[in-house]
Amino acid sequence: MPKPAEVTLPSDREVRVTRTFNAPRQLVWDAHTKPELVQRWQPGYDGWDMPVCDMDVRVGGKYKWQWRSREDGKQMGFFGTFTEVNGPSKIVYEEYYDPGDMGFAMPADDPCIVSLELSEQNGVATLVCNLTFASKEARDGAVSTGMTDGMEHSYARLDDMFKAAA
């Protein structure tokens, strides 16, 4: 059974999330780079869905993710550009926040740089997600939203997806 995500703060601008999956690295890569898979495990908390998941996974390619509350229809999302794609081991992208109609904003001028690195040992994939924010204030603001709890919620759903496929 994979352990929950381990969250550390390596510097005053970074959040690092390390998580293992009982699945080969290629499957974890596919789950992060194929829109039809991303929409299955990353719709957020129960009661949310992900109606927009557009991804052109190549250097210079753009992406747009949008989540919607089924209860009140409110939406929020992220968008940006892939800056490094080296499957199935590393992907880096700029992440801009789109507050939609959720009512809370984050600084929009400076993207968060997200780096996902995947390794595998004995059929267990390890994901290290490093998020580098423009400032300590931006990092602390993102952490205060419960972002890492939401990530673990989605990762647990991804675990279930891998179990169902096995």
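Up top you'll find the structure we're talking about.
Residue numbers here run from 1 along each chain, matching the order of that chain's written sequence. Where totals are concerned, whole chains, interfaces and linings use all residues; where local detail is concerned, this predicted model gives features only for residues with pLDDT of at least 70, and gives and counts side-chain atom pairs only at 80 or more. Note that water and hydrogens are dropped before the side-chain values are worked out from all heavy atoms of the structure.

Asker: Explanation requested: the sheet that holds strand 2 (residues 14-21) in the structure shown.
Answerer: Judged by pairing direction, the sheet is antiparallel, and its 8 strands sit side by side in the order 1-2-8-7-6-5-4-3 without closing on themselves. Where the open sheet ends on each side, the last strands, each with one partner, are strand 1 (6-8) and strand 3 (48-55). Averaged over all pairs of adjacent strands, the angle between their axes in this sheet comes to 20°, without regard to strand direction. Seen against the sheet, helix 1 (residues 25-33) touches strand 2, strand 3, strand 5 (75-86), strand 6 (90-98), strand 7 (112-121) and strand 8 (124-132) and runs at an angle of roughly 155° to strand 7. Any pair of residues with heavy atoms lying within 4.5 Å of one another is described as a contacting pair. Note on definitions: angles span 0 to 180 degrees between N-to-C directions of axes, and those axes are lines fitted to C-alpha atoms, for helices only across the stretch in contact. Numbering of helices and strands starts at the N terminus; helices are DSSP runs of H or I of at least 4 residues and strands are runs of E of at least 2. Against the sheet, helix 4 (residues 147-165) contacts strand 1, strand 2 and strand 8, and its axis sits at roughly 20° relative to strand 2. When DSSP finds two or more bridges between a pair of strands, those strands are recorded as paired.

Asker: Whenever I open this one, the packing of helix 1 against helix 4 confuses me. Can you help?
Answerer: Packed helices, taken two at a time, are described by the angle their axes make and the gap between the axes. At a minimum axis distance of 12 Å, the contact between helix 1 and helix 4 shows a crossing angle of 125°. As far as their axial angle goes, helix 4 and helix 1 are oblique. Seen along the crossing, helix 1 lies across helix 4 with a hand that is right-handed. Here L27, V28, A31 and H32 of helix 1 lie close against helix 4, whose contacting residues are Y155, L158, M161 and F162. Relative orientations are named as follows: roughly parallel for angles under 35 degrees, roughly antiparallel for angles over 145 degrees, roughly perpendicular for angles from 65 to 115 degrees, and oblique for any other angle. Each helix crossing is assigned a hand: it is left-handed if the near helix lies turned anticlockwise from the far helix by less than a right angle, otherwise right-handed if that turn is clockwise.

Asker: What should I look at first to understand the pairing of strand 3 in this one?
Answerer: Two faces, one strand: in a regular strand the side chains alternate between the faces of the sheet. Bridging between strand 3 and strand 4 (residues 62-69) involves 6 bridges; their strand directions are antiparallel. Bridging from a neighbouring strand, D54 pairs with K64 of strand 4. The hairpin turn running from strand 3 into strand 4, its antiparallel successor, is 6 residues long, and G60 in that turn takes a positive phi close to 90°.

Asker: Before we go on, may I ask you to explain the pattern of salt bridges in this structure?
Answerer: Two side chains bearing opposite charge may form a pair once their charged atoms approach each other closely. Salt bridge criterion: a side-chain nitrogen from Lys or Arg within 4 Å of a carboxyl oxygen from Asp or Glu. The tally for this structure, following the rule as stated, stands at 10 salt bridges. The salt bridge partner of R19 is D159, with a shortest N-O separation of 2.7 Å. One end of the pair, R19, is in strand 2; the other, D159, is in helix 4, and 140 residues separate them in sequence. Throughout, exposure labels follow a simple rule: accessible area from a 1.4 Å probe, protein chains only, divided by the maximum for the residue type, with under 20% read as buried, over 50% as exposed, and the rest as partly exposed. Its relative accessible area of 2% is what places R19 among the buried residues.

Asker: It is not clear to me how the nonpolar core should be interpreted in this structure. Could you clarify?
Answerer: A general feature of soluble globular proteins is that nonpolar side chains tend to end up buried together. V28, W65, L127, C129, L131, F133 and Y155 are the most contacted members of the largest nonpolar core, which has 40 residues in total. At 6 residues, helix 4 tops the list of elements feeding residues into this core. Apart from the residues lying within four places of it in its own chain, the contact partners of F133 are R13, V15, C112, A138, R139, A142 and M147. Here, nonpolar core refers to any group of buried Ala, Val, Leu, Ile, Met, Phe, Trp, Tyr and Cys residues whose side-chain atoms link them within 4.5 Å.

Asker: Sorry, what's going on with the packing of aromatic side chains here?
Answerer: We describe a pair of aromatic rings using the distance from one ring centre to the other and the angle between the two ring planes. Ring pairs are drawn from Phe, Tyr and Trp, using the six-membered ring of Trp, whenever the two centres fall within 6.5 Å, and their geometry is named by plane angle: stacked under 30 degrees, edge-to-face over 60, tilted for the rest. Scanning the model with the defined rule gives 12 aromatic pairs in all. Ring centres of F21 and F162 lie 6.0 Å apart, and the angle between their planes is 85°; on these two criteria the pair is classed as edge-to-face. Of this pair, F21 sits in strand 2 while F162 sits in helix 4; the two residues are 141 residues apart in sequence, bridging distant segments of the chain. Across the pair, exposure class does not vary: F21 and F162 are buried alike. An aromatic cluster is defined as three or more aromatic residues linked by ring pairs; in this entry it consists of Y63, W65, W67, F78, F82, Y93 and Y97.

Asker: I would appreciate a short explanation of the side chain of E14 in the present structure.
Answerer: Checked against the element boundaries, E14 lands in strand 2. Here the side chain of E14 touches S11 through a polar contact of 2.8 Å, side chain to side chain. Here N130 takes part through its side chain, which lies 2.7 Å from a polar atom of the side chain of E14. Among all residues touching E14, those that are not within four sequence positions of it are T8, L9, N130, L131, T132 and R139. Two N or O atoms form a polar contact when they lie within 3.5 Å of each other; inside protein one atom must be a possible hydrogen donor and the other a possible acceptor, and for residues adjacent in sequence the pair counts only when both atoms belong to side chains.

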